[in-house]
Amino acid sequence: MHESQLSDIQWKVEDFENRQRRNNLRLMGIQEGVEGQDSRAFIIRLLKAALPEQTGWDWEKEIQRAHQFPLRLRSQQLTGASGTAQQQPRAFIVYFGNYLLHQIVFEKARPDARISGEGCTFFSRPDFCHATVERQWRLRQLISPFQEKGAEAYLLSPARLKTIYKGMIRVFASEIKVKEYLQSLT
């Protein structure tokens, strides 16, 4: 099998996995242990308290599953004031039966507009597969070098980097191609 065929297959598998997760959200920043024995019931209470204007939803029906993510990804690691690595609380993965409610929660609880309920302040992110999250992390590391060269760089969803340099717009999905382009800039 050729390398390009293998790469195409990997992209298709990753795309399929991300599509399977499209009704999921990751709720981030919720303290460890506050959920008690029933994560789903806690998430329902949390979202009802955080979004009191969202009446008319059958929350018991719409929140079909909720559990805490078992692993911490590199993107969840923080560096404390002392320079030591610290861990963010693990994310909750919530499966919404209704995509409209999923989008409402996603929009209200963006990372730059955190919301509160049940004594917790939290935000949401899409639940992309591990490979996509890792690629996002690697691409995010390349934004600063572009800015240092006078270019604009933005992370696009799910994991692409958009650059604007001297009026030319380019979009990359591969960090290898991004690095090659970065080296070519004067």
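Presented here is an overview of the structure given in this document. (Residues numbered from 1 in each chain as written. Predicted model: local features only at pLDDT ≥ 70, side-chain atom pairs only at ≥ 80, totals over all residues. Heavy atoms only, no water.)

1. Focus on the nonpolar core
Then comes step 1: Leu27, Ile30, Ile43, Leu47 and Phe122 are the most contacted members of the largest nonpolar core, which has 22 residues in total.
Then comes step 2: Of all the secondary-structure elements, those providing two or more residues to this core are β1 (24-28), α2 (39-50), β2 (63-68), β5 (92-96), α4 (99-108) and β7 (120-126).
Then comes step 3: Residues in contact with Phe122, not counting those within four places in the same chain, are Leu27, Met28, Ile30, Leu46, Leu47, Ala50, Ala109, Arg114, Ile115 and Gly117.
Then comes step 4: Membership of the second largest hydrophobic core comes to 14 residues, among which are Ile143, Phe146, Ala159 and Val178. (Core = buried A, V, L, I, M, F, W, Y, C linked by side-chain atoms within 4.5 Å. Buried < 20%, exposed > 50% of the residue type's maximum accessible area, 1.4 Å probe, protein only. Helix = DSSP H or I, 4+ residues; strand = E, 2+ residues; numbered from the N terminus. Contact = heavy atoms within 4.5 Å.)

2. What about the layout of surface pockets?
Then comes step 1: The calculated volume of the second largest pocket comes to roughly 400 Å³.
Then comes step 2: Lining the second largest pocket are 21 residues, and of these Asn18, Arg19, Arg22, Phe128 and Pro158 sit closest to its centre.
Then comes step 3: Of all the elements in the fold, those that place two or more residues in the lining of the second largest pocket are α1 (3-20), β1, α4 and α5 (130-140).
Then comes step 4: Of the residues forming the lining of the second largest pocket, the biggest block, five residues, is contributed by α1.
Then comes step 5: Each residue belonging to the lining of the second largest pocket can be placed in one class, and the counts come to eight nonpolar, five polar and eight charged. (1 Å grid on protein atoms, 1.4 Å probe; cavity = no way out; pocket = protein on both sides within 12 Å on 5 of 7 lines; lining within 4 Å. Points joined across faces, edges and corners; volume = space filled by probe spheres on them. Nonpolar A, V, L, I, M, F, W, Y, C, P; charged D, E, K, R; others polar.)

3. Things to note about the pairing of strand β9 (residues 160-165)
Then comes step 1: Residues of β9 alternate between two faces, with Leu161, Thr163 and Tyr165 buried on one and Arg160, Lys162 and Ile164 left unburied on the opposite face.
Then comes step 2: One ladder, built from five bridges, connects strand β8 (residues 152-156) with β9; its direction is antiparallel. By the bridge assignment for β9, Ala153 is matched with Thr163.
Then comes step 3: Linking two consecutive strands that pair antiparallel, namely β8 and β9, is a turn of three residues.
Then comes step 4: Note that β9 and strand β10 (residues 168-172) share five bridges and pair antiparallel. Within β10, the residue paired with Thr163 across the bridge is Arg170.
Then comes step 5: Taking the residues that link successive antiparallel strands as the turn, the β9-β10 hairpin has two residues, and the phi of Lys166 there is positive, at about 50°. (Pairing = 2+ DSSP bridges.)

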